[in-house]
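Analysis of the macromolecular model
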Amino acid sequence: MSYRRDFTVQFGQCDPAGIVFYPRYFEMLNAMVEAFFAEALGYSFARIHIEEGCGVPTAHLDVDFHAPSRLGEVLTFTLTVRRIGGSSATFETLVTCGAEKRLTVRQVIVWTGPGLKPARWPKSLADALAAHLEEAP
């Protein structure tokens, strides 16, 4: 079960030509992951970081840029959970504008316990992630 969210490209995310400056995609991606945890998994970043003293840092990113995005466009981010390990998870996020692919991101995140050392997913969170798992076609 994929999770979707729209982002409108804002002025501050663009270079002088009105095209998204590529590091800004990573900020949008992080906002997407944060929303996924809060809305789809019921496990907010505030809970993870502040209440539990844990984290979910990105360990690996693999990105393909297909076409530029411009000021004012609405980008649809679609996140799919592709793999769940003992302490990591692999997400694939497709970013589109209408029918046009803009980028594809493969991201590995890691659950870290107190002290920011990799640790096993809490059972409730692992179960919530599993409910969104879709094997790659």
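Now for a look at the structure at hand. (Residues numbered from 1 in each chain as written. Predicted model: local features only at pLDDT ≥ 70, side-chain atom pairs only at ≥ 80, totals over all residues. Heavy atoms only, no water.)

**Structural notes on the overall build of the chain**
For the chain, the count of helices and strands is 3 helices and 5 strands. Taken from N to C terminus, the helices and strands of the chain fall in the order β-α-α-β-β-β-β-α. Overall, the chain is about 45 × 35 × 25 Å in size when its C-alpha atoms are taken along their principal axes. Within the chain, contacts between residues at least 6 apart in sequence are counted, and of these 65% link residues at least 24 apart. (Helix = DSSP H or I, 4+ residues; strand = E, 2+ residues; numbered from the N terminus. Contact = heavy atoms within 4.5 Å.)

**Let's talk about a nonpolar patch on the surface**
A contiguous nonpolar surface patch, about 330 Å² in accessible area, is contributed by F21, Y22 and F65. For F21, the location among the structural elements is in the loop between β1 (3-8) and α1 (23-40). (Patch = residues over 30% accessible without salt bridge, like charges linked within 9 Å, V, L, I, M, F, W, Y side chains within 5 Å. Areas by Shrake-Rupley, 256 points an atom, 1.4 Å probe, with all protein chains shown as cover. Salt bridge = Lys/Arg side-chain N within 4 Å of Asp/Glu carboxyl O.)

**Observations concerning helix α3 (residues 123-130)**
Owing to its 3.6 residues per turn, the α-helix brings residues three or four apart onto one side. Looking only at α3, the buried set comprises L125, A128 and L129. Taken down its axis, α3 places every buried residue within 100° of arc, on the same side. Looking at the buried side of α3, the elements it contacts are α1, β3 (74-84) and β4 (88-97). (Buried < 20%, exposed > 50% of the residue type's maximum accessible area, 1.4 Å probe, protein only. Arc of directions from axis to C-beta.)

**What about the pattern of salt bridges?**
Close approach of charged atoms lets side chains of opposite charge pair. The final tally for this structure, using the stated rule, is 9 salt bridges. Note that R24 and E27 form a salt bridge whose closest N and O atoms lie 3.2 Å from each other. A residue pair is termed a helical-turn pair when its members lie 3 or 4 positions apart in one helix, as R24 and E27 do in helix α1 at 3 residues. Judged by its relative accessible area of 47%, E27 falls in the partly exposed class. The partner of E100 in a salt bridge is R102, with the nearest N and O atoms 2.9 Å apart.

**Observations regarding the pairing of β4**
Here β4 lies mainly inside the structure; 8 of its 10 residues are buried. The pairing of β3 with β4 spans 8 bridges and is antiparallel. Bridged to V81 within β4 is F91. Counting the residues in the hairpin turn of β3 and β4 gives 3 residues. Across 10 bridges, β4 lies against strand β5 (residues 100-110) in antiparallel orientation. Pairing of F91 across the sheet is with Q107, part of β5. The loop that links β4 with its antiparallel partner β5 comprises 2 residues; one of these, G98, has a positive phi angle of about 65°. (Pairing = 2+ DSSP bridges.)

**A word on the side chain of S88**
With respect to the secondary-structure elements, S88 resides in strand β4. On the basis of relative accessibility, which here comes to 15%, the residue S88 falls in the buried class.

**Some points on the environment of S88**
Between the C-alpha atom of S88 and that of Q13, which follows or precedes it by 75 residues, the distance is 29 Å. Beyond its immediate sequence surroundings of up to four residues, S88 is in contact with R83, V108, I109, V110 and W121. A polar contact is formed between the side chain of S88 and the side chain of R83, at a distance of 3.3 Å. (Polar contact = N/O pair within 3.5 Å; in protein donor to acceptor, adjacent residues only side chain to side chain.)

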